[in-house]
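Remarks on the overall topology
Each chain is listed here by its residues.
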Amino acid sequence: MLPETPNGASPDGHTWYPATRVQQGMWVLDRDALLRPTQLVPTVVEFTGPVDHEVLVSSVRKALARHPSLRARFRLDIKRRRVEYHTDGPPAEPGLRDATAEGWSEDDVDHRVRTLSGAPFDLGRDAPARAEIIRLGPERTLLVLNVHHIVFDGVSRGMLLDEIRSLYRAGLDGVEPEPSDPPHPATVTAERTPEEIEEQVADVVGRLRGAPPEVRLPFTRTPCEGEESLLGATLATALDEETTEKAMAVAAQEGCTPFMVGVALLAGTLARTGSQRDFLIAFAWPGRDDPATADVIGMFMTTVVLRVTVGPDDTWRDLLSGVRVSGMEAFVDSDVPLDAVSAALNPDRNALWPPLSPVLVNLDEAPRSLELTPDVTGRLRPLDPMFVKYDLAMFVRLEDTAGGRRLALSLDYPVNVFGHTDVSRFLHDLRRSAAGLATSPENPVLEESVRPTAAPADLDDPAARLELVRSVWSEVLGTDEFADDVSFFEAGGDSLLLVLLVERLGQVSGREVRTMDLFRSPTVSGQAELIAGAAASAAGSAGGDR
């Protein structure tokens, strides 16, 4: 059944459509100043090569204008008690800035990107998408996109970037493409009756009841001082090819996907590092089961919760099998409104977000690169700032490398709540769990508790720091064929490997290293000096590690 739509236009000249339950929830979240930044989906692509900026601006303009969702405006209809939207407003106009001509420094560029990525939308007046192209030099260009989550999900981002690339290539060839009009999101959104929803909610509640809604993380929680913030950071690691191959072979025998492996590793590691054995874990479901949504940019994603238990004698195989069953049950009920489930299981809860579980696991399928043309390649830049909704969000990615597949794991966490050292140690614990799953799948998960590793050695000698950075580069890149003055990306690195480099440098040096710092100091020699600077900064502060 399609959602109700008015007969013709309303007196204001617009045709209004009812928002989905998920969109209505996001509209409510957007009213909260603290949570508003978490509802944005920014994307920053840095292109290397000769870009025709006028053609790129035109391509972005056409893409933003083509899709109804990207022209939407929202309002609250008090009489009908619903959030609704129209899609006949004007699209956003992409901007073009020349950082070189305007005399911008790298800090000025970073500030501009942060502003574009973090500025909120007025959903009643603004198109929920903005874009700007920034010329950094003859061979460097930034594309900064920001879209509100209320009309945009991960699948939509890939579709929009692909469309911009296709329009750009056609523009270079002097071809005016004639793409078909995409379906309106309201025509592919099915609504169910209250009775159908109530029956499904009862089934889900029965399956999840009894599990604690909190997840006790093995981190020291820092008391919030001053204004609360949802600023986040990322730490990442990747298993070697041999461990990945063994782990995925065990998973295949149990019928498990990489996502399920990630859930098992997280639940198993939490059980090994604490006393909790029963977990509720959230994940994002794309919500595109209907083939009609394949070409629609919109917000179809839903949040689903699965339950994972770790018994005293459960082996890694048992845990994988249990995760598979729980996952399949959750997939079947992926269209159940989580707010209704949360209200039934935890009626005293008064927080807006996250619903039911503070821990999330997702399969990371975001594009790492975008080839605009054979001569112009793009890579995604890490977000700065990054905002998080969960106490801990783990992303799982299966990467193809020259030596085989590598299972990559990354952790997003709130920096004002948890410290870098605690999260880094937990990432080590995840690696040890992965080794256990890969090499000893018949062993009990809880047979050996995970312990933190020893503190890193002191590195006051400049030569030792250089050797340390070289060794980490060799480990991350899988080669030692690079010079001390060559950029990490020129040596074969990418955005994912950069995050891994940040983690490994922090682990082996014992000094805090930030992703954006490595962007500014992309060479071995520069990063060796960066570690020295971090040491001096730490020595000058009175607090020490949080």
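On a predicted model such as this, the values are computed, not experimentally measured, just so you know.

1. Some details on the side chain of Ser69
Looking at where Ser69 falls in the secondary structure, it is placed in the loop between helix 2 (53–66) and strand 3 (73–77). Not counting the four nearest positions on each side in its chain, Ser69 is found in contact with Pro128, Val151, Pro185, Ile297 and Gly298.

2. Some words on the nonpolar core
Core analysis: the largest hydrophobic core is formed by 53 residues, its most contacted members being Leu265, Leu266, Ile281 and Leu392. The residues touching Leu266, leaving out its near neighbours within four places in the chain, are Ile281, Val359, Val361, Leu392, Met394, Phe426 and Leu430. In this structure, Val51, Val55, Phe152 and Tyr168 belong to the second largest nonpolar core, which totals 47 residues.

3. Some points on the sheet that holds strand 3
What the three strands build is an open sheet, ordered 1-4-3; its pairing is antiparallel. Pairing within the sheet leaves two strands with one partner each, and these edge strands are strand 1 (17–18) and strand 3. Inspection of the sheet shows strand 3 paired to strand 4 (residues 82–86) by five bridges, in the antiparallel sense. By the bridge assignment, Arg75 is partnered in strand 4 with Glu84. This element, helix 1 (residues 21–30), spans strand 3 and strand 4 of the sheet and lies at about 100° to strand 4.

4. Quick look at the confidence of the model for the protein
Of all residues in the protein, 91% have pLDDT values of 70 or greater, and the mean over the chain is 87. Below a pLDDT of 50 lies the segment residues 1–8, which in the model reaches 19 contacts outside its immediate sequence neighbourhood of four places, other chains included. Across residues 535–546, where pLDDT falls below 50, the model places seven contacts with residues more than four positions away in sequence or in other chains.

5. Regarding the side chain of Asp422
Among the secondary structure elements, Asp422 is positioned in helix 10 (residues 420–439). Buried and without a salt bridge, Asp422 has Arg425 as its closest oppositely charged side chain, separated by 4.5 Å. Within the local environment of Asp422, its side chain forms a polar contact with the backbone nitrogen of Thr220, the two atoms lying 2.9 Å apart. In contact with Asp422, other than residues within four places in its own chain, are Phe219 and Thr220.

6. Things to note about the packing of helix 7 (residues 258–273) against helix 8 (residues 316–332)
For the pair helix 7 and helix 8, the least separation of the axes is 9 Å and the interaxial angle reads 120°. Taken together, helix 7 and helix 8 sit at an angle that is classed as oblique. Two packed elements cross with a definite hand, and for helix 7 against helix 8 that hand is right-handed. For the pair formed by helix 7 and helix 8, the contact residues are Phe259, Met260, Val261, Val263, Ala264, Leu265, Gly268 and Arg272 on the first element and Trp316, Leu319, Leu320, Val323, Arg324, Met328 and Phe331 on the second. When its residues are assigned to classes, the contact of helix 7 with helix 8 shows 12 nonpolar, one polar and two charged.

7. Describing a negative patch on the surface
A contiguous patch of negative charge on the surface is contributed by Glu195, Glu196, Glu198, Glu199 and Asp203. Position of Asp203 relative to the elements: it lies in helix 5 (residues 194–208).

8. Examining the sheet that holds strand 5 (residues 95–98)
Adjacent strands of a sheet pair through backbone hydrogen bonds, lying either parallel or antiparallel. Spatially, six strands are ordered 5-6-7-2-13-12 in an open sheet, and the strand pairing comes out mixed. Of all the strands in the sheet, the pair left with one neighbour each is strand 5 and strand 12 (369–373). Between one strand axis and the next, the sheet turns by 20° as a mean value, whatever way the strands run. Relative to strand 6 (residues 129–137), strand 5 is paired through four bridges, and the arrangement is parallel. From the neighbouring strand, Asp98 faces strand 6, where its bridge partner is Arg135. Contacts from helix 3 (residues 106–118) reach strand 2 (40–48), strand 5, strand 6 and strand 7 (140–148) within the one sheet, and its direction differs from that of strand 7 by about 20°.

9. Quick look at the packing of helix 2 against helix 4 (residues 154–172)
One way to put it is that helix 2 packs onto helix 4 with a least axis distance of 8 Å and a crossing angle of 130°. By the angle between their axes, helix 2 is oblique relative to helix 4. In the crossing of helix 2 with helix 4, the sense of the turn from one axis to the other is right-handed. The segment helix 2 lies against helix 4, with Val55, Leu56, Ser59, Val60, Lys62, Ala63, Leu64 and Arg66 engaging Leu160, Glu163, Ile164, Leu167, Tyr168, Gly171 and Leu172.

Each value, and the rule that gives it
Residues numbered from 1 in each chain as written. Predicted model: local features only at pLDDT ≥ 70, side-chain atom pairs only at ≥ 80, totals over all residues. Heavy atoms only, no water. Helix = DSSP H or I, 4+ residues; strand = E, 2+ residues; numbered from the N terminus. Contact = heavy atoms within 4.5 Å. Core = buried A, V, L, I, M, F, W, Y, C linked by side-chain atoms within 4.5 Å. Buried < 20%, exposed > 50% of the residue type's maximum accessible area, 1.4 Å probe, protein only. Pairing = 2+ DSSP bridges. Axes fitted to C-alpha atoms, helices over the stretch in contact; angles between N-to-C directions. pLDDT = per-residue confidence, 0-100. Lys, Arg positive; Asp, Glu negative; His and termini not counted. Salt bridge = Lys/Arg side-chain N within 4 Å of Asp/Glu carboxyl O. Polar contact = N/O pair within 3.5 Å; in protein donor to acceptor, adjacent residues only side chain to side chain. Parallel < 35°, antiparallel > 145°, perpendicular 65-115°, else oblique. Left-handed = near helix turned anticlockwise from the far one by under 90°. Nonpolar A, V, L, I, M, F, W, Y, C, P; charged D, E, K, R; others polar. Patch = residues over 30% accessible without salt bridge, like charges linked within 9 Å, V, L, I, M, F, W, Y side chains within 5 Å. Areas by Shrake-Rupley, 256 points an atom, 1.4 Å probe, with all protein chains shown as cover. Charge placed at Lys NZ, Arg CZ, Asp CG, Glu CD.

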